[in-house]
Amino acid sequence: MGTYEDVFRASLEAPETFWLKAAQGVDWEVAPSRALDSTGAPFHRWFPDGRLNVCFNALDRHVEAGRGEQPALVHDSPVTGTRRTYTYAALRDEVAAFAGALTRLGVGHGDRVVIYMPMVPEAAVAMLACARIGAVHSVVFGGFAPPELAVRIDDATPKVVVSASCGIEGKRVIPYKPLLDRAIELAAHKPEKCVVLQRPQAEAELGPDDLDWNEAVAGAEPAGCVPVAATDPLYILYTSGTTGKPKGVVRDCGGYTVALRWSMDAVYDVGPGETMFTASDVGWVVGHSYIVYGPLLAGATTILYEGKPVGTPDAGQFWRVAAEYRVKSMFTAPTAFRAIRKQDPEGALAAQYDLSHLRYLFLAGERLDPETYRWASELLDIPVIDNWWQTETGWPIVANPVGIEAAPVKPGSPTFPLPGWDVRVVGPSGQPLPAGTDGAIVVKLPLPPGALPTLWNDDARYVASYLSAFDGYYLTGDSGHIDEDGYVFVMGRTDDVINVAGHRLSTGSMEEALASHPDVAECCVIGVADALKGQVPRGFVVLKAGSERDAEEVEAELVQLVRERIGAVASLKDVAVVPALPKTRSGKILRKTMRGIADGQEEPIPSTVDDPSVIETLRPVLRRTDQPG
Ligand code: COA
Ligand code: AMP
């Protein structure tokens, strides 16, 4: 590919040539004659006259090229004690059959399908089936509670929802159907049908608008690949913003396919016949890009793992999977490694397996703390590659580009901006900041292929959230700096988004839930450092004047309320009733000061504080936390 410098410069100086060349790695029904269409700026479109089918590129293409008998997807599920391998030919047939079932249900080009499933292969089958017929999928993470699912159903207005009878969390079986039924009850939009995959661990009772997966597929005519415009949406993936309403990140077909295909070589170094194991969930962007689409577009084998890194049966499962399937690149969140390390600090379990095929460990989703980096590097003795990106961007913004040219690692930095990403650090008025100075991390427009073209049905929110802070730049919402050698350091979010165990959550939506409790007058949720999960939310509430409720009782109700409104994944386990919240004289809650104290920093009390004694009263409550190890 050339040196990193050369490739990076070419991508920014001649993006047309660069991305048209990358587009040659993809099979087009109609090849694009140009790469970028900026006529609608600040909305940019990639490959405006190209036509393709993403599923064809992920499956049929490889079967036609003679890779039909190669494993495409392995479902490895220690929680159910099952494993199943699909060859490319078998996966194509399953996908074509389910695409036929969807077609029979009236789903066609542009229609939306919500997928609310645990980590079963049918989740990937459903995604690819939508792609096959030009429908738009929206996968909702299984850990979200009914109200969160309902908001997404109302925004995406799906014709069909695809779900399963249950998910499995460690040793617990979680019935999904009651959650789905409740969500549909709450939603204003009613899907026409729900297709339910029955799992033996807990079968669901089906209603008149439900259809068993097997019945849906039985007798359906297998569907062929429908070519669509490169600019057509492939999926909507909702992600947390600062308010309770999630943002529907849109992903296009052409740009995403080109970018992912390219990233599989340049970043993840995984090619045809090699194996990638991404331990995430199909409900997150990492799962979309590097469990499902990326490895399949590359003709590789992907592992869809159902289970946690620790627990069932032990903390050696990642190593077992890596050894058993001869994994070349493993990808997960740092929190998974912190969990493994906690159980097996000496790495005795890793030593039991033959990991000689493992070439790289990729970590993303939250800041990689240097301690975890060191532990993983020493244990595995392979490159440990931090990569920084977001649901919005679809693939990494900053990484060590090992497929192009590996750079020396600086712990704490995900290394260099990848080709296509013109990353800058700016101050409050948009002024460029000198090397080493923290500021807002922004990306000069246009964003490369694969990044979001807009938010679903909400161009105005797209502009307001990302493009309006600094003219001509995309606001990442992260702060950090670039050092004198060009290494990017990402320090944390500048908004109310927190990362809990690699899961992106909004403190704003947790506050909305707490505020809905009848005894709560005001509240605030902050993300504090946590040794295992990186960050966890903590809630602080003031009760209404005259409330005579027992504080502990209300605290327990509030924890339960957030679990019911957002889901267990919110991990809000600590809510404290306090006499008052610290505020500025203009009434703004001093969240940053609270966070600093909770994290054990020497946090100066801002001069704008209204009543310093409120902070002093809160200090001992805030300090009750542990620090990242
Ligand atoms: N369906 C239902 N519930 C779910 C769920 C799902 N898909 N995912 C998580 N939950 C529940 C958990 O069971 C837990 O419930 P509990 O409070 O009753 O115990 C709660 O949500 C919090 O989950 P989590 O934050 O994942 O904590 P955990 O203790 O179960 O596991 C880790 C901690 C670190 C082992 C786990 O988070 C992990 O492996 N993370 C990897 C990170 C990852 O996949 N990131 C994605 C982006 S790369
Ligand atoms: P998500 O959209 O769920 O992928 O979360 C994106 C956010 O996670 C980013 O805006 C960052 O705050 C954080 N993040 C992801 N990867 C990294 C990383 N490698 N280093 C630091 N923060 C990260």
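Up top is the structure.
I will try to describe carefully the structure that is included in this document.

Each value, and the rule that gives it
Note that residues are indexed from 1 along each chain, following the sequence as it is written. Here the convention is simple: chains get letters from A, ligands get numbers from 1, in the order in which they are written. The predicted nature of this model means local features are confined to residues of pLDDT at least 70 and side-chain atom pairs, given and counted, to a pLDDT of 80 or more, with totals for whole chains, interfaces and linings taken over all residues. Excluding hydrogens and water, the side-chain figures rest on all heavy atoms present in the structure. Any residue with at least one heavy atom within 4 Å of a molecule or strand is counted as near it. We define a polar contact as two N or O atoms separated by no more than 3.5 Å, with the added condition that, inside protein, one atom must be a possible hydrogen donor and the other a possible acceptor, whereas residues neighbouring each other in sequence contribute only through side-chain atom pairs. Accessible areas in this description were obtained via Shrake-Rupley with a 1.4 Å probe; residue shielding takes into account the shown protein chains only. Numbering of helices and strands runs from the N terminus; a helix is a DSSP stretch of H or I covering at least four residues, while a strand is a stretch of E covering at least two. Paired strands, as defined in this entry, are two strands with at least two bridges between them according to DSSP. Note on geometry: axes are C-alpha line fits, over the in-contact stretch for helices, and angles between N-to-C directions span 0 to 180 degrees. Every residue pair with non-hydrogen atoms within 4.5 Å of one another is taken to be in contact. What makes a salt bridge here is a side-chain nitrogen of Lys or Arg within 4 Å of a carboxyl oxygen of Asp or Glu, nothing more. Only protein chains enter the accessibility calculation, which uses a 1.4 Å probe; a residue is then buried when its area is under 20% of its type maximum, exposed when over 50%, and partly exposed in between. Lining residues are those with an atom within 4 Å of a point, where the points come from a 1 Å grid over the protein atoms alone and group into cavities, where a 1.4 Å probe fits but cannot get out, or pockets, open sets with protein on both sides within 12 Å along at least five of seven lines. Grid points are joined across faces, edges and corners, and a volume is the space filled by probe spheres set on the points. Just so you know the grouping, Ala, Val, Leu, Ile, Met, Phe, Trp, Tyr, Cys and Pro go in nonpolar, Asp, Glu, Lys and Arg go in charged, and all remaining residues, Gly too, go in polar.

What follows covers the site of ligand 2. In the neighbourhood of ligand 2, 15 residues make up the surrounding shell, with Asp386, Thr391, Asp478, Arg493 and Arg504 lying closest. Contact distances for ligand 2 include 3.0 Å between an oxygen atom and a side-chain N or O atom of Gln390. In this structure, an oxygen atom belonging to ligand 2 sits 3.0 Å away from a side-chain N or O atom of Asn499. Against a free-state accessible area of 490 Å², the protein chains account for coverage of 94% of ligand 2. Listed by contribution, the elements that provide at least two residues to the shell around ligand 2 are β20 (384-388) and β26 (488-493).

Let us look at the sheet that holds strand β25 (residues 473-482). Overall, antiparallel pairing links the four strands, which are arranged β23-β24-β25-β26 in an open sheet. Whereas interior strands pair on both sides, the edge strands pair on one side only; in this sheet they are β23 (423-426) and β26. Sheet twist, expressed as the average angle between the axes of neighbouring strands with direction ignored, equals 50°. Where β25 and β26 come together, five bridges link them in antiparallel fashion. Bridging across to β26, Ile482 finds its partner in Val488.

It is worth spelling out the sheet that holds strand β19 (residues 360-363) at this point. Read across the open sheet, the nine strands follow the order β5-β4-β17-β16-β18-β19-β20-β21-β22; overall the sheet is mixed. The open sheet has two edge strands, β5 (82-87) and β22 (416-417), and neither has a second partner. Strand direction decides the pairing type here: strand β16 (residues 275-278) and strand β18 (residues 329-332), joined by three bridges, are parallel. Residue pairing across strands places Phe277 opposite Met330, the latter belonging to β18. Helix α4 (residues 88-104) rests against β4 (71-77) and β5 of the sheet, and its axis sits at about 95° to β5. Contacting β4, β5, β16, β17 (301-305) and β18, helix α11 (residues 317-324) runs over the sheet at an angle of about 155° to β17.

Now for the pattern of salt bridges. Applying the stated rule across the entire model yields 36 salt bridges. Between Arg84 and Glu94 there is a salt bridge, with the nearest N and O atoms lying 3.4 Å from each other. Here Arg84 is found in strand β5, whereas its partner Glu94 is found in helix α4, with 10 residues between them in sequence. Judged by its relative accessible area of 30%, Glu94 is partly exposed. A salt bridge links Lys177 to Asp210, with the nearest nitrogen and oxygen atoms 2.7 Å apart. Placement of the pair is Lys177 in helix α7 (residues 177-186) and Asp210 in strand β12 (residues 210-212), with a sequence separation of 33 residues. Of the two residues, Lys177 and Asp210, both sit in the buried class.

The next thing to look at is the layout of surface pockets. Think of a ball as big as a water molecule: rolled over the atoms, this probe shows where empty space is left. Considered as a void within the structure, the second largest pocket measures approximately 360 Å³ in volume. Looking at the second largest pocket, it is lined by 19 residues, and the ones nearest its centre are Arg84, Tyr86, Pro121, Glu122 and Leu197. Among the elements of the structure, β5, α4, α5 (121-133) and α8 (213-217) are those that each provide at least two residues to the lining of the second largest pocket. Considered class by class, the residues forming the lining of the second largest pocket number nine nonpolar, six polar and four charged.

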